[in-house]
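# Overview (structure and organization)
Listed below, chain by chain, are the residues.
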Amino acid sequence: MNTKPVSVNSHRARKRFGQNFLHDENIIARIVRAVTPRAGEHLVEIGPGQGALTQPLLEALGEAGQLSLIEIDRDLVSILEKTFARTTNVKLIQADALSFDFLPLATNKQPLRIVGNLPYNISTPLLFHLLQQNLDHQQAGQIVGDSSAARSDSAQGAAPLFSDMHFMLQQEVVQRICAEPGSKQYGRLSVMTQYFCQTESLFTVPPSAFSPQPKVLSAIVRLMPHQQQPHVAHNNKTFAAVVKTAFAQRRKTLKNNLRALIVDSALRDLDIDPGARAETLPLADFVAISNAIDAS
Ligand code: SAM
């Protein structure tokens, strides 16, 4: 496949789009190995930039696979258009990934694999957008496949929209995503991500791998949306509200933070100490609190 990049040196990195372009061949190869694209899959790269990851991903994917690229910067889109002009299995989309609807990309009921070296300023909202899209997809699938009237707000049993997601993020964000209860990094992002996905921190990437160099360390994280969630909240909105409220003031106890949602005795009935802090609570307890609120 002859898809060598056209000259891209004229592009000046734009700060507002979080442009730090990868140039370290070893790191690029390591990321592609972590993703391991296979023939016939549909990969979606968010923020392909100048194509540093795109080219090797495409080579690994082969002609039988499909690669969709979502890039916000029009100048980069026109560069990528030239690069991939003769490549029929690349679909280039100029869009803001934060509001992009990924559902129509999943044709033939084939799950999507997401990859992205993401701008740090959009990583958390983008993650929440993708988790919401995945949930919408699973619930829609459940409605089609499930004629019973008693459908909970949670998606159980329907295939995920995304089979996995590999992201380069600020290392500190990866640590928060993967954190265990009781650790300093454990918080809302950990609970919300782990509710929907299995999370795995893969490896760190130094600033020297990018141009221009960011000021912080980066890391690669793998997220795999659960086929079957291990803990199911009856209502995802209640669950999200409980998690947000429980962590609203980190130093305060559950009793204080959750005062408006649940009484102490109800927490004790769940074997949860009202004097504990949210940062010590496992995911299952947040789900139990959420379900107790919905049942009351
Ligand atoms: N993938 C390239 C690489 O590894 O060298 C570029 C990575 S750079 C950190 C982030 C890329 O995401 C840039 O190309 C930027 O223009 C693009 N981007 C920024 N915000 C975006 C958004 N909201 N939607 C889609 N792409 C975005």
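### With respect to the overall build of the chain
Per the secondary structure count, the chain includes 10 helices and 9 strands. Since a compact globule built from 296 residues should have a radius of gyration of about 19 Å, the 21 Å found for the chain is in line with a globular shape. Along the first, second and third principal axes, the C-alpha set of the chain runs to 65 × 50 × 30 Å. Among the 296 residues that make up the chain, the fraction classed as buried is 48%. Considering only intrachain contacts with a sequence separation of at least 6, the fraction spanning at least 24 residues in the chain is 71%. Split by element, the accessible area of the chain, about 14,400 Å² in all, is 49% carbon and sulfur.

### Re the site of the ligand
With respect to spatial proximity, 22 residues lie near the ligand, and among them Q19, G47, E71, D96 and N117 are the closest. One nitrogen or oxygen atom from the side chain of D96 is found 2.8 Å from a nitrogen atom belonging to the ligand. Against a free-state accessible area of 590 Å², the protein chains account for coverage of 98% of the ligand. Within the residue set of the shell around the ligand, elements represented by two or more residues are β1 (21–22) and β3 (66–71). Across the shell around the ligand, the residue classes break down as 12 nonpolar, 6 polar and 4 charged.

### What about empty space enclosed by the protein?
This structure, assessed with the given rule, holds 1 cavity of 30 Å³ or more. Each pocket or cavity is described by its volume, and for the largest cavity that value is around 40 Å³. Elements with a contribution of two residues or more to the lining of the largest cavity: β5 (112–117) and β6 (162–170). Considering only residue class, the lining of the largest cavity consists of 6 nonpolar, 3 polar and no charged.

### Focus: the domain arrangement of the chain
Taken domain by domain, the chain holds domain 1 (8–225) and domain 2 (236–295). Here domain 1 and domain 2 have C-alpha centroids that lie 31 Å from each other. With 16 residues of domain 1 at the contact, the number on the domain 2 side is 16 residues. Each partner contributes to the roughly 1,200 Å² buried at the junction of domain 1 and domain 2, and carbon and sulfur atoms together form 62% of this total.

### Quick word on the nonpolar core
Counting 58 residues, the largest nonpolar core has F102, F167, F239 and F286 as its most contacted members. Looking at this core, you find at least three residues from each of domain 1 (8–225) and domain 2 (236–295). Excluding residues that lie within four positions of it along the chain, F286 makes contacts with Y186, V191, F239, V242, V243, A246, F247, A278 and L281. Core analysis: the second largest hydrophobic core is formed by 24 residues, I27, A34, L61 and I220 among them.

### A word on the packing of aromatic side chains
Within the structure shown, the criterion is met by 6 aromatic pairs. Measuring from ring centre to ring centre gives 5.6 Å for F247 and F286, while their planes differ by 25°; the resulting arrangement is stacked. Of the two residues, F247 sits in the loop between α7 (236–246) and α8 (254–257) while F286 sits in helix α10 (residues 283–295), which places them 39 residues apart along the sequence. Residue F247 is classed as buried on the basis of its relative accessible area of 10%. Taking the relative accessible area as the measure of exposure, F286 reaches 0% and is therefore buried.

### Describing the environment of K184
Positionally, K184 belongs in the loop between α5 (171–178) and α6 (188–196). A sequence separation of 95 residues divides K184 from E279, and the C-alpha atoms of the two residues are 7.7 Å apart.

Conventions we followed
Residues numbered from 1 in each chain as written. Predicted model: local features only at pLDDT ≥ 70, side-chain atom pairs only at ≥ 80, totals over all residues. Heavy atoms only, no water. Helix = DSSP H or I, 4+ residues; strand = E, 2+ residues; numbered from the N terminus. Rg over C-alpha atoms; globule rule 2.2 N^0.38 Å. Buried < 20%, exposed > 50% of the residue type's maximum accessible area, 1.4 Å probe, protein only. Contact = heavy atoms within 4.5 Å. Areas by Shrake-Rupley, 256 points an atom, 1.4 Å probe, with all protein chains shown as cover. Near = heavy atom within 4 Å. Polar contact = N/O pair within 3.5 Å; in protein donor to acceptor, adjacent residues only side chain to side chain. Nonpolar A, V, L, I, M, F, W, Y, C, P; charged D, E, K, R; others polar. 1 Å grid on protein atoms, 1.4 Å probe; cavity = no way out; pocket = protein on both sides within 12 Å on 5 of 7 lines; lining within 4 Å. Points joined across faces, edges and corners; volume = space filled by probe spheres on them. Domains from an automatic or database assignment. Buried area = accessible area lost by both parts, 1.4 Å probe. Core = buried A, V, L, I, M, F, W, Y, C linked by side-chain atoms within 4.5 Å. Phe/Tyr/Trp six-rings, centres within 6.5 Å; stacked < 30°, edge-to-face > 60°.

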